Structures are given as structure tokens and as C-alpha cells.
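A structural walkthrough
This is what each chain is made of:
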Amino acid sequence: MESAGRAQAARDRVPRIDPYGFERPEDFDYAAYEEFFSTYLTILTRRAIKWSRLLKGGAGVQKSVTLKRYIRKGVPLEHRARVWMGVSGAQAQMDQNPGYYLHLLQGEKDDSLEEAIRTDYYSPSMLGLKTDQEVLGELVRTKLPAVAALMDSHGLLWTLVVSRWFICLFVDVLPVETVLRIWDCLFNEGSKIIFRVALTLIKEHQALILEATSVPDICEKFKDITRGSFVTECHTFMRVKTQPKCKEICAVCGGGAVAAGTRQRWLEKFRAGDFSLDEAPPSSGPVEVDSDQSETLIVNSQRYTTWKIADILKISKSNKIFSEPGSLSRASIARLRERCRARLLAQG
């Protein structure tokens, strides 16, 4: 009874229309949201101050390691339009083609232009959507084989459980604050963010998914993993771990162990959430390594080279380190897309 009273009180305090103009769903947990937002508001205020300092002077938004780190920690609502326009390249296109949009509105309809704008996600064949779902399937098969085996054992296609994740870019799938945090990164880093989010959702709830015993049960589990505090608390969901400072790496490792350029590259990659040691040549498959373990080893080990660290972590020097399933490069996604697309075209 007391719990019901708290829920009703929260419903009375929290507006039915969210700050972005959307009506909250019927099953919206007002009490949980109010508890989360009381903490998140402090974070938003702190981030807004930092963003105002970063963007002061009205200069254009320039991509950098610092900007990437800021974006991953969230773009305040008052700066979001400017940042999205800048990092996506839309502002540059507008500046290079003044009046172009108005010209299109006033001119005759151009079917070829409409077709060029529409991606193959939304074409009649939806080849792009099918390709990306196949890519996710391949990633799950590599990184979360137990989940892939469950899907295969029931003959369940990925399109039945994740189509809305891709085609709607998580809109109406995850809470709106979380969706906007995902889009912050999406505009800056590209579509690899979609796969990072998808893999993170599946990995975090792998045990729950593996409890499923039928196709309807699996589908329901995939709905369940898009609800609850894990996805509501967007700052925790999207947070980047604190990384070591370059000078600390230099002080610990010493000048002769790792070159200055290598240390600087490590720092930039750590700040971006990538713990891979990029001196190792590429390989045919990824190896999962605990990101905290690798970071601690790099900071605390005396005069270790990347090759020595690879030996200690018991990984092949020819393998790229993935700190967690969501850590992916554009190049790896592009290669998977090419392979999956070719397979789909061959199937007809």
C-alpha cells in the first residue's frame, strides 16, 4: 500500500509529457524515474557547465579526442542541436551549399534525389537492415556463443527480436534520455555505436536470455532487457571509465620501455574507451580481455612493452584486445557488413 502511494505521488509530480515533447508510455515507472533523475540532474548541471566552457566563443564544433570524451558523457539539451550538426557534417554541408534546401522546396520534385537520401534500410528489400542484423548475429556468435547457440537451436532469426533496435535506432525501445545519449555518440562515431549498444544489452542480460525455453520465451526476454534500471540510468549505461593520465604511464613505464608516441596513442584510445594495444598486428578473430586488468597492468607494470603485456594477459600478439563486447572499430564492422551483404545477395 505504501509502495502504491509513493508511485502515485511520483506520478503526480512527474509530468506526463517529457522534456522532449513525447507522452510517457502507460507502463512508465514514475517512481523509479524520479529517483534516477534526482541524481542525474546534478550530473546534467555539471556537464552543462563544462560544455559551455568548451563551446564558448561560438566557434565551429571540431572533432577531437576531448570532444569525443565529452560526447560519450552526454551532450546537454541546450547544446545538442549545435553539436549534432557539427559532428555529423551537416553544418559543413549547409555552409558549403547556402540556400540549397530552400531551392529544393521551391523546385520540382526530384525522384532520384529522394532515392539517394533513402538508405537501403528503408528500401523495399531492406537489404541494409538485413545485413546489419546478420552482422549482429556474427558478433554474438563470436563474443556470446551461448546466446547464438540458443538462437540456432530454436531456428530463431535475429530479425524477429532486434528489427526495431536498428530500424528505429532504439526510439520507442529504450527510455528517451538513453536514446538521446546513444544518438549523441551515433552522430559522432557512426553506426558502430548501434552494435556496441546491442551487444552491451545482450551481454548484460545473457543469463536471463539463456533461461528461455521456447521461441516466444526468447522474444519476451529480448523485450525485457530493454526495460528496467539498467537502461533507465543512462549515465551509467553510457559511462566511460576513468583512464590513466599519460604522465602517469610515462612515470611508471620509463622512457625506454614504451615510445612516447605509443604512450600518447594509448592515452587517446583509453579516453575514447578503447583499451586495445594497437602495436599488435590484426588477426582473424578477437579475444576478450578484462579492460580493468589490462589498464591496471599498463599503469602499474615497470618498463613493460606491449608484447610483454600481451604475454602476461595470455593472448596472442596477433590478436586485437577487445575490452568488452561493445568495443568495436568501424573497420571491423565494415568488413563484417561486406561479408554478410555478399552472403545475403548470394541467397537471393
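These numbers were taken from a predicted model, which means no experiment stands behind them. (Residues numbered from 1 in each chain as written. Predicted model: local features only at pLDDT ≥ 70, side-chain atom pairs only at ≥ 80, totals over all residues. Heavy atoms only, no water.)

1. Some points on the overall build of the protein
Within the protein, the regular secondary structure consists of 21 helices and two strands. Counting across all 348 residues of the protein, residues that qualify as buried make up 40%. Carbon together with sulfur atoms contributes 55% to the accessible area of the protein, which is approximately 19200 Å² in total. (Helix = DSSP H or I, 4+ residues; strand = E, 2+ residues; numbered from the N terminus. Buried < 20%, exposed > 50% of the residue type's maximum accessible area, 1.4 Å probe, protein only. Areas by Shrake-Rupley, 256 points an atom, 1.4 Å probe, with all protein chains shown as cover.)

2. Topic: empty space enclosed by the protein
According to the stated counting rule, one finds two cavities of 30 Å³ or more in the structure shown. Its volume calculated, the second largest cavity comes out at about 40 Å³. Here the lining of the second largest cavity takes three residues from helix H2 (residues 30-54), the largest share from any one element. Its residues assigned to classes, the lining of the second largest cavity shows four nonpolar, one polar and three charged. (1 Å grid on protein atoms, 1.4 Å probe; cavity = no way out; pocket = protein on both sides within 12 Å on 5 of 7 lines; lining within 4 Å. Points joined across faces, edges and corners; volume = space filled by probe spheres on them. Nonpolar A, V, L, I, M, F, W, Y, C, P; charged D, E, K, R; others polar.)

3. What about the environment of Ala 342?
Its place among the elements puts Ala 342 in helix H21 (residues 330-347). Residue classification places Ala 342 among the partly exposed residues on the basis of a relative accessible area of 44%. Distance in space between the C-alpha atoms of Ala 342 and Thr 131 is 9.0 Å, their sequence separation being 211 residues.

4. Description of the layout of surface pockets
Approximately 1300 Å³ is the volume attributed to the largest pocket. Together, 48 residues line the largest pocket, and Pro 25, Val 173, Leu 174, Pro 175 and Thr 226 are the ones closest to its centre. Of all the secondary-structure elements, those providing two or more residues to the lining of the largest pocket are H2, helix H4 (77-88), helix H10 (159-167), helix H11 (176-189), helix H14 (215-224), helix H15 (229-232) and helix H16 (234-238).

5. Description of the packing of H2 against H4
At a closest axis distance of 10 Å, the pairing of H2 and H4 adopts a crossing angle of 40°. Here H4 runs oblique to H2, going by the angle between their axes. Note on packing geometry: the crossing formed by H2 with H4 is left-handed. Across the interface between the two elements, Ala 48, Trp 51 and Ser 52 of H2 pack against Glu 78, His 79 and Val 83 of H4. Across the contact of H2 with H4, the residue classes tally to three nonpolar, two polar and one charged. (Axes fitted to C-alpha atoms, helices over the stretch in contact; angles between N-to-C directions. Parallel < 35°, antiparallel > 145°, perpendicular 65-115°, else oblique. Left-handed = near helix turned anticlockwise from the far one by under 90°. Contact = heavy atoms within 4.5 Å.)

6. Quick look at the nonpolar core
Residues Trp 158, Trp 165, Phe 170 and Phe 222 are the most contacted members of the largest nonpolar core, which totals 53 residues. Top contributing element to this core by residue count: helix H12 (residues 192-204), with eight residues. Not counting residues within four places of it along the chain, the set of residues in contact with Trp 158 comprises Gln 133, Leu 136, Gly 137, Val 140, Val 147, Met 151, Ser 163, Ile 202 and Phe 222. Counting residues in each nonpolar core, the second largest holds nine residues, with Ala 10, Tyr 30, Tyr 40 and Cys 234 among its members. (Core = buried A, V, L, I, M, F, W, Y, C linked by side-chain atoms within 4.5 Å.)

7. Some points on the confidence of the model for the protein
The pLDDT averaged across the protein works out to 79; a share of 74% of its residues lies at or above 70. Across residues 240-249 the pLDDT falls below 50, and counting only partners more than four positions away or on other chains, this stretch makes 23 contacts in the model. Low pLDDT (under 50) marks residues 315-323, which in the prediction has 39 contacts with non-local residues, meaning those over four places away or in another chain. (pLDDT = per-residue confidence, 0-100.)

8. Some points on the packing of aromatic side chains
Considering all chains together, one arrives at 16 aromatic pairs under this definition. With a centroid separation of 6.2 Å and 75° between ring planes, the pair formed by Phe 36 and Phe 37 is classed as edge-to-face. Using a relative accessible area of 9% as the deciding quantity, one classes Phe 36 as buried. The side chain of Arg 24 reaches across the aromatic face of Tyr 33, ending 4.7 Å from its centre. Here Arg 47 stacks its cationic end above the ring of Tyr 70, 4.9 Å away from the centre of that ring. (Phe/Tyr/Trp six-rings, centres within 6.5 Å; stacked < 30°, edge-to-face > 60°. Lys NZ or Arg CZ within 6 Å of the ring centre and 35° of its normal.)

9. A few points about H11
Relative to the 20 Å expected for 14 residues at 1.5 Å per residue, H11 spans 20 Å between its end C-alpha atoms, a close match to the ideal helical length. Taken across its 14 residues, H11 has eleven buried, putting it largely inside the fold. A positive backbone phi angle near 95° is found at Gly 190, which sits one or two residues after H11. (Expected span 1.5 Å × (residues − 1).)

10. Points about the side chain of Asp 18
Structurally, Asp 18 is set in the loop between helix H1 (2-13) and H2. The buried charged residue Asp 18 lacks any salt bridge, with Arg 24 as its nearest oppositely charged partner at 4.9 Å. Setting aside chain neighbours within four positions, we find Asp 18 in contact with Arg 24 and Val 176. (Lys, Arg positive; Asp, Glu negative; His and termini not counted. Salt bridge = Lys/Arg side-chain N within 4 Å of Asp/Glu carboxyl O.)

11. Topic: unusual backbone geometry
Backbone geometry places Met 126, a non-glycine residue, at a positive phi of 50°. For Leu 169, which is not a glycine, the phi torsion comes out positive at approximately 50°. A residue is classified by how much of its surface remains accessible, and Leu 169, at 24% relative accessible area, is partly exposed.

12. A closer look at H21
Structural remark: α-helix, 3.6 residues per turn; residues separated by three or four positions point the same way. Here H21 spans 26 Å end to end across 18 residues, near enough to the 26 Å set by a 1.5 Å rise per residue. Within the span of H21, buried status applies to Ser 332, Ile 333, Leu 336, Cys 340 and Leu 344. Down the axis of H21, the smallest arc covering the buried residues is 90°, so these residues share one side. In H21, those exposed residues whose orientation departs by more than 90 degrees from the buried face are Arg 335, Glu 338, Leu 345 and Ala 346. Elements that come into contact with the buried residues of H21 comprise helix H8 (127-143) and H12. (Arc of directions from axis to C-beta.)

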